[in-house]
Amino acid sequence: MQPMSRGPQRLARPSLLLAATFMALLALAIGPVAHPAPASASTATTMEANIVSWINSARQSRGVPALRVGSKLTSLAGSRAATLARTTVLAHPSCLGCVFRSYDISFSACGEAIAMTTYPWGYQAARSIFNAWKNSPGHWSLLMSRTYHRIGMGVAYRSSNHSTWAAADLAG
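These figures come from a predicted structure and were not determined experimentally.

1. Some thoughts on the sheet that holds strand E2 (residues 110-117)
With mixed pairing, the 4 strands of this open sheet are ordered in space as E1-E3-E4-E2. Among the strands making up the open sheet, the edge pair consists of strand E1 (68-69) and E2. With 2 bridges joining them, E1 and strand E3 (residues 150-158) adopt parallel strand pairing. Within E3, the residue paired with Val69 across the bridge is Ile151. Helix H5 (residues 123-134) contacts E2, E3 and strand E4 (163-171) of the sheet and is inclined by roughly 125 degrees relative to E2. Where helix H6 (residues 137-144) meets the sheet, it contacts E2 and E4, and its direction lies at approximately 130 degrees from that of E2.

Structural data, given as structure tokens:
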């Protein structure tokens, strides 16, 4: 699915300042992301925010409360995405709870959704990752579960094969 374009639009200077302030605050809220330089103008923060927004929209349309973004979870997810991209092995750790504890993340339940797409970077890659999870019953039930209240989202780019890797780590 391609993003819809309405052509060039002019923004008033206050709108630009507001948009820049919003993105800066969003970056602070989401936290650091482990990824190499993107191949387009999209940023990992934008991709992550889009995916979380789409997940939360789907949750809310089902009457499930939105997930809150956690900085430690985001750090973990960014690291997981970078590891997946570096190793090209799409696999969960043998002890996910152990990984959560190593990041000092408190939880009563923990889960992870991972994905890879051949879209190299940007909106299409983010949408492809979201759609892969939506079309996987196991991943979708995890992301829609009332058990989880917090999320960390990470994306990473592998330049050698122009692939994008993602991890969503959830805590209840």
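2. Some points on the side chain of Glu112
Structurally, Glu112 is set in strand E2. Side chain to side chain, Glu112 and Arg80 meet in a polar contact 2.8 Å long. In terms of polar contacts, Glu112 uses its side chain to reach the side chain of His92, at 2.8 Å. Among residues more than four places away in sequence, those in contact with Glu112 are Arg80, His92, Pro93, Leu96, Leu142, Ala167, Ala168 and Asp169.

3. Structural notes on the packing of H5 against H6
The interhelical angle for the contact between H5 and H6, taken along N-to-C directions, is 100 degrees, at an axis separation of 6 Å. Looking at the two axes, H5 sits roughly perpendicular to H6. Within the contact between the two elements, H5 uses Phe130, Trp133 and Lys134 and H6 uses His139, Trp140 and Leu143. Split into classes, the residues belonging to the contact of H5 with H6 amount to 4 nonpolar, 1 polar and 1 charged.

4. Some remarks on the pattern of salt bridges
Applying the stated criterion across every chain yields a total of 2 salt bridges. Among the ionic pairs, Lys72 bridges to Asp104, the shortest N-O distance being 3.1 Å. Highlighted residues: Lys72 in helix H3 (residues 71-87) and Asp104 in the loop between helix H4 (96-102) and E2, separated in sequence by 32 residues. What makes Lys72 partly exposed here is its relative accessible area of 41%. Accessibility expressed as a relative area gives 56% for Asp104, which makes it exposed.

5. Focus on the packing of aromatic side chains
This structure, assessed with the given rule, holds 5 aromatic pairs. Plain terms: the ring middles of Trp54 and Tyr123 are 5.6 Å apart, the flat faces sit at 85 degrees to each other, and that makes the pair edge-to-face. Pair noted here: Trp54 is in helix H2 (residues 44-61) and Tyr123 is in helix H5, with a separation of 69 residues, a long-range link. Residue classification places Tyr123 among the partly exposed residues on the basis of a relative accessible area of 27%. Centre to centre, the rings of Trp121 and Tyr157 are 5.8 Å apart; their planes meet at 80 degrees, and the pair counts as edge-to-face. With Trp121 in the loop between E2 and H5 and Tyr157 in strand E3, the pair connects residues that are 36 residues apart, well separated along the chain. The buried category is assigned to Trp121, whose relative accessible area is 7%. Here the aromatic residues Trp54, Tyr123, Phe130 and Trp140 are joined through ring pairs into a cluster of three or more.

Procedures and definitions
Residues numbered from 1 in each chain as written. Predicted model: local features only at pLDDT ≥ 70, side-chain atom pairs only at ≥ 80, totals over all residues. Heavy atoms only, no water. Pairing = 2+ DSSP bridges. Helix = DSSP H or I, 4+ residues; strand = E, 2+ residues; numbered from the N terminus. Contact = heavy atoms within 4.5 Å. Axes fitted to C-alpha atoms, helices over the stretch in contact; angles between N-to-C directions. Polar contact = N/O pair within 3.5 Å; in protein donor to acceptor, adjacent residues only side chain to side chain. Parallel < 35°, antiparallel > 145°, perpendicular 65-115°, else oblique. Nonpolar A, V, L, I, M, F, W, Y, C, P; charged D, E, K, R; others polar. Salt bridge = Lys/Arg side-chain N within 4 Å of Asp/Glu carboxyl O. Buried < 20%, exposed > 50% of the residue type's maximum accessible area, 1.4 Å probe, protein only. Phe/Tyr/Trp six-rings, centres within 6.5 Å; stacked < 30°, edge-to-face > 60°.

Keep in mind that these numbers describe shape and distance, not what the molecule does.
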